Amino acid sequence: MKLPEFIQRRSNAFILLLVYISLSLILAYIHTTKDNSFTNLYFFIVLSTTFCLFLFIHILIKSRYHIIVVIGTLFLFLFLSEINYLIYFGEVISDGVLDSITETSTDEAFSMLKPVLFIMVPALIMAVGILFIYKKFITVKFRPILPLTYYLVIASVFLSMSTNVQNDIHKDYRLKLIIFREFFPVVAGNVAYLGTTYLSTDIYADTSEIEVFNDAVILPPQNLNDDLVVLIMGESSLVSRYSAYGYHKPTTPLMAEIFNPKNGGCIINNSHSSASFTRDSIPMTLSFNIPESNDNLFINKSIIEMAKYNNYKTYWLSSYHQGVKGTSNAKFGFIARKSDVLDITDKKTEDHDINLSKLLERHLEKDSVTKKFIIIHLRGSHQPYSDGYDEIDKQALPDAEIYDLTIHHTDRTVKAIYDVVNKYSRNYSIIYTSDHGEIVNVGHGMSKGIDQFLIPFMFISTNNRFDCQFIESFRSSNGYLSGLMNKYILSNLLGYQIDQAILDKEKNNDRILLPNHHNVLFLDYLELNKQP
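None of the values given here were measured: they were computed from a predicted structure. (Residues numbered from 1 in each chain as written. Predicted model: local features only at pLDDT ≥ 70, side-chain atom pairs only at ≥ 80, totals over all residues. Heavy atoms only, no water.)

Chemist: Describe the overall build of the protein chain, naming the residues involved and giving the relevant values.
Modeler: Each helix and strand in the protein chain was counted, giving 21 helices and 12 strands. Across the 532 residues in the protein chain, those meeting the buried criterion constitute 56%. Residue pairs at least 24 apart in sequence account for 75% of intrachain contacts in the protein chain once pairs closer than 6 positions are excluded. (Helix = DSSP H or I, 4+ residues; strand = E, 2+ residues; numbered from the N terminus. Buried < 20%, exposed > 50% of the residue type's maximum accessible area, 1.4 Å probe, protein only. Contact = heavy atoms within 4.5 Å.)

Written out as structure tokens, the structure is:
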């Protein structure tokens, strides 16, 4: 016997509500596993806001107004994209990923096209399919007043909780966004975070000189004989793929020779980056920025400004894909734009990293200034790996993985830069390291994976005062050299002394910044991420 129509409608509505609640339970559990409890208030708030999201999407796509249906379909697409991200990377989207999206240049965004397509194309197909099913077969409608009221109440309560909290001078709005994402972790929180962060990158627009030195810096600086201080910053470079560190394929024979201790060089073992994103790692190398706060980025002189204060002309040279253009790369671009010279390789050239040596030579040839501080930012081994090597690398390592070919290409690039430095200077110090490591064939910026922090660190100087023991003096008591020490190493190379008490405190507080903006002790992270 056929059920009366109103009973059938209620039955269908009840089934849909059960489906939405079940999905909300799964997502709430995934987003709150750190609390590991179905009984705490946080879990039930996330459960309820996620359930309300499903109701909103249902209400929007069932509307008779086309514009509202479009908005609902967009939210459905974003939701499905987040689900695909979770499946593809095995974790939810972090604050750091969202920050990188807002600060990534068009060229770098295109370089990540493959994983983006794997995530978004299926999401789009599923969104269109679900829309068709709902329009064709689902007749259930819900009223928006209850979920909308609940959403607004929860948002106002938890945003007001952060109103009087000042975490650092530029972070009040970010604290609110983080709280909003905590309690609205699916779609709504991410959209709000992306939009507000994109509109707030103007905090990095000011390039006026900062007058205040960090408390660790002892003034006045010395006038050293080193004409040239060069920092070569690699990209996505995993130390265990370097033959100079014992890898079984000859990926770095040239660097092994350049930095050979017999030649006065240093190949430093057990080094790690301070973060797994370029936008976080480089500021902690070239300013006194720390994992806990961005304050020092805005109130203390950067290493570039310190170099200028001690009469070094400063240069920022980079591969085209790593170029600082407009508001893109905003956080480390804030530092880069303080340089006297900011230049990138030609877009038309295919082999951008090798051409950095030519770019360097062009500047050294025409510039008669004696003292120079030069930062060279490589494209290195950033994805897609297929763009990071050429035929010469393939011929040298015919059976190697393509990631290994990018390391070999970096090897040739560093050798070409080294030859130019030697041609134009007899008094120099060179550091080669990387902004972060790489989980090969996956990427970086993940919540788990120690490989994204393990990096090379190589050094050579014509100044006998700066030898391997000088670098080793910055090693933590835990046995590792942290990327947080780069700023102090560079300060010394540029003629500045550092307060030993402050240095020791920082050196032995070896922590890293995770993509979710939490900082943890490196050894704790290492222990949690040990291979089984």
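Chemist: Got a sec to walk through the sheet that holds strand β6 (residues 372–377)? Specific residues and values, please.
Modeler: Strands sit in the order β5-β4-β6-β2-β7-β8-β3-β9 across an open sheet of 8 strands; the sheet is mixed. Strand pairing shows two members of the sheet lacking a second neighbour, β5 (341–344) and β9 (481–482), which therefore form its edges. In the sheet, strand β7 (residues 428–434) pairs with strand β8 (residues 454–461) via 5 bridges, with the strands oriented antiparallel. Across the sheet, the residue bridging to T433 is F457, located in β8. (Pairing = 2+ DSSP bridges.)

Chemist: Before we move on, can you summarise the packing of helix α15 (residues 355–366) against helix α17 (residues 402–424) with the specific residues and values?
Modeler: Running from N to C, α15 and α17 cross one another at 15°; their axes reach a closest spacing of 9 Å. Considering their axes alone, α15 and α17 lie roughly parallel with respect to each other. Judged by the twist between their axes, the crossing of α15 over α17 is right-handed. Contact residues: α15 offers S357, L360, E361, L364 and E365, while α17 offers A416, I417, V420, V421, K423 and Y424. (Axes fitted to C-alpha atoms, helices over the stretch in contact; angles between N-to-C directions. Parallel < 35°, antiparallel > 145°, perpendicular 65-115°, else oblique. Left-handed = near helix turned anticlockwise from the far one by under 90°.)

Chemist: Talk me through the state of the cysteines; I want residue IDs and the actual numbers.
Modeler: Throughout the structure, instances matching the rule amount to 1 disulfide. Across the disulfide from C266 sits C468; the S-S distance is 2.1 Å. Because the sign of the S-S torsion sets the handedness, a value of about -105° for the bond joining C266 and C468 places this disulfide among the left-handed ones. Within this pair, whereas C266 is found in strand β3 (residues 265–272), its partner C468 is found in helix α18 (residues 468–472), the two being separated by 202 residues in sequence. (Disulfide = S-S within 2.5 Å.)

Chemist: Run through the nonpolar core, naming residues and quoting values.
Modeler: Membership of the largest hydrophobic core comes to 51 residues, with the highest contact counts inside it found for L286, W316, F373, F459, I489, L490 and L493. Top element by residues in this core is helix α14 (residues 330–336). It accounts for 5 residues. Residues in contact with F459, not counting those within four places in the same chain, are F259, G265, C266, S429, I430, I431, F466, D467, F470, I471 and L493. One finds I232, L356, V414 and I417 within the second-largest nonpolar core, a separate group that totals 43 residues. (Core = buried A, V, L, I, M, F, W, Y, C linked by side-chain atoms within 4.5 Å.)

Chemist: Outline unusual backbone geometry, listing residues and values.
Modeler: A cis geometry characterises the amide bond from L219 onward to P220, with omega recorded as 0°. Following the sequence through the fold, P220 ends up in the loop between β1 (217–218) and β2 (228–234). Following Q383, the chain continues into P384 via a peptide bond in cis, with omega recorded as -5°. Checked against the element boundaries, P384 lands in the loop between β6 and α16 (391–396). At N270, a residue that is not glycine, the phi angle is positive and equals roughly 55°. Mapping N270 onto the fold places it in strand β3. Residue classification places N270 among the partly exposed residues on the basis of a relative accessible area of 43%.

Chemist: Mind laying out the side chain of H272, listing which residues take part and the relevant values?
Modeler: Structurally, H272 is set in strand β3. Within the local environment of H272, its side chain forms a polar contact with the side chain of D510, the two groups lying 2.8 Å apart. The residues touching H272, leaving out its near neighbours within four places in the chain, are F453, I455, Y480, L481, S482, G483, D510, I512 and F522. (Polar contact = N/O pair within 3.5 Å; in protein donor to acceptor, adjacent residues only side chain to side chain.)

Chemist: Pulling in residues and values, what's your account of the packing of helix α11 (residues 278–286) against helix α19 (residues 486–493)?
Modeler: At their nearest, the axes of α11 and α19 sit 6 Å apart, and the two run at 35° to each other. Residues M284, T285 and L286 of α11 pack against N486, K487 and L490 of α19. Residue classes in the contact of α11 with α19 are distributed as 3 nonpolar, 2 polar and 1 charged. (Nonpolar A, V, L, I, M, F, W, Y, C, P; charged D, E, K, R; others polar.)

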